[in-house]
Amino acid sequence: MRLFSLAATTVIAAAVTFASPALAALAVGAKVPMFATKASLAGKPFDFSLAAALKKGPVVLYFFPAAFTPGCTVEANAFADATDDFARMGATVIGMSNDPIEKLNEFSVKECRNKFAVGVADKALIDKYDVPLAMMPSRSNRTSYVIAPDGKILFVHSEMAPKGHITGTMAAVKAWHAAYAGKKGAK
């Protein structure tokens, strides 16, 4: 039993090390790659375009490893709880995962509570945003971006635990809103 415990501890420690924030993400100030993908809101699939969403205001784009896993469920519930606050500041929230659209349809209803969209992030998109999960590169790690309407990253938080993703993105959107609310051509 003790050997199993030591082995399990070693594997978990290695996973945490490989999933550390230092491995992830595009830098603040970088211009993001534009993309279009299948997404789901309230169980209904639609075509999502990042460029179109940015015309409305900042976008909170968060990547997560897999729908219906414990951490991803906690994170989706927390983003659902905060979606109205993001919307009041003009921000759109979208979660991204390399899950089939059918699974995301269900996740958008049950865990996103019909509040925000979740989209399909294929391997190419995961690579473009520099968010591959170290032990399973076809899946993304847990990284949240806030993207200004001009397509530049205002904030990035990359951490496998869901904690900090909502508070960090909310603070970044609040700062953007305070600086640009009511101004034409907000960046």
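Note: the structure precedes this text.
Scoring rules and cut-offs
Residues numbered from 1 in each chain as written. Predicted model: local features only at pLDDT ≥ 70, side-chain atom pairs only at ≥ 80, totals over all residues. Heavy atoms only, no water. Helix = DSSP H or I, 4+ residues; strand = E, 2+ residues; numbered from the N terminus. Buried < 20%, exposed > 50% of the residue type's maximum accessible area, 1.4 Å probe, protein only. Polar contact = N/O pair within 3.5 Å; in protein donor to acceptor, adjacent residues only side chain to side chain. Expected span 1.5 Å × (residues − 1). Core = buried A, V, L, I, M, F, W, Y, C linked by side-chain atoms within 4.5 Å. Contact = heavy atoms within 4.5 Å. Pairing = 2+ DSSP bridges. Axes fitted to C-alpha atoms, helices over the stretch in contact; angles between N-to-C directions. Parallel < 35°, antiparallel > 145°, perpendicular 65-115°, else oblique. Nonpolar A, V, L, I, M, F, W, Y, C, P; charged D, E, K, R; others polar. Salt bridge = Lys/Arg side-chain N within 4 Å of Asp/Glu carboxyl O.

Here Arg139 is to be found in strand E7 (residues 136-140). Of the residues examined, Arg139 reaches a relative accessible area of 19% and is grouped as buried. Along the backbone, Arg139 and Asp127 are 12 residues apart, and their C-alpha atoms lie at a distance of 9.8 Å. Side-chain polar atoms of Arg139 contact the side chain of Asp99, separated by 3.0 Å.

End to end, helix H6 (residues 165-180) covers 22 Å across 16 residues, agreeing with the expected 22 Å (1.5 Å per residue, within 8%). All buried positions along H6 are accounted for by His165, Ile166, Gly168, Thr169, Met170, Ala172, Val173 and Trp176.

Core analysis: the biggest nonpolar cluster contains 26 residues, and Phe64, Phe79, Phe86 and Phe116 have the highest contact counts within it. Within the residue set of this core, elements represented by two or more residues are strand E3 (59-63), helix H3 (70-88), helix H4 (101-110), strand E5 (117-120) and H6. Broken down by element, this core gets its largest block of residues, six residues, from H3. Discounting residues that sit within four places of it in the chain, Phe64 has contacts with Cys72, Glu75, Gly95, Met96, Ser97, Asp99, Leu104, Phe107, Val118, Ser140, Asn141 and Arg142.

Next up on the list: the environment of Phe107. Relative to the helices and strands, Phe107 resides in helix H4. Since its relative accessible area comes to 0%, Phe107 is described here as buried. With 66 residues separating them along the chain, Phe107 and Leu41 place their C-alpha atoms 9.3 Å apart. Excluding its chain neighbours within four sequence positions, the residues that come into contact with Phe107 are Phe64, Ala67, Phe68, Cys72, Thr73, Ala76, Cys112 and Val118.

The next subject is the sheet that holds E5. Spatially, E2-E1-E5-E4-E3-E8-E9 is the arrangement adopted by the seven strands of the open sheet, whose pairing is mixed. With partners counted over all chains shown, the strands left at the sheet margins are strand E2 (44-49) and strand E9 (153-158), one partner each. Neighbour-to-neighbour, the strand axes of this sheet turn through a mean angle of 25°, independent of strand direction. Pairing of E3 with strand E8 (residues 143-147) involves five bridges; the strand directions are antiparallel. Bridge pairing links Val59 to Ile147 in E8. Relative to E3, H3 is tilted by about 180°, and along the sheet it contacts E3, strand E4 (92-97) and E8. Running at roughly 5° to E8, H6 makes contact with E3, E8 and E9 of the sheet.

The next thing to look at is the packing of H3 against H6. Across the interface, H3 lies against H6 with an axial gap of 10 Å and an inter-helix angle of 10°. Considered as vectors, H3 and H6 are oriented roughly parallel to each other. Between H3 and H6, the contacting residues are Glu75, Ala78, Phe79, Ala82, Asp85, Phe86 and Arg88 on the first element and His165, Ile166, Thr169, Met170, Val173 and His177 on the second. Looking at the contact of H3 with H6, its residues break down into seven nonpolar, three polar and three charged.

We now examine the pattern of salt bridges. Enumeration over the complete set of coordinates arrives at nine salt bridges. Where Asp47 meets Lys38, a salt bridge forms, and the shortest distance between an N and an O atom there is 2.9 Å. A salt bridge links Arg113 to Asp81; its shortest N-O distance comes to 2.8 Å. Here the residue Arg113 occupies a position in the loop between H4 and E5, and Asp81 occupies one in helix H3, the gap between them amounting to 32 residues. Look at Arg113 and you get partly exposed, because its relative accessible area is 37%. Where salt bridges share partners, they join Asp99, Lys103 and Arg139 into one cluster.

These figures come from the coordinates and say nothing about function on their own.
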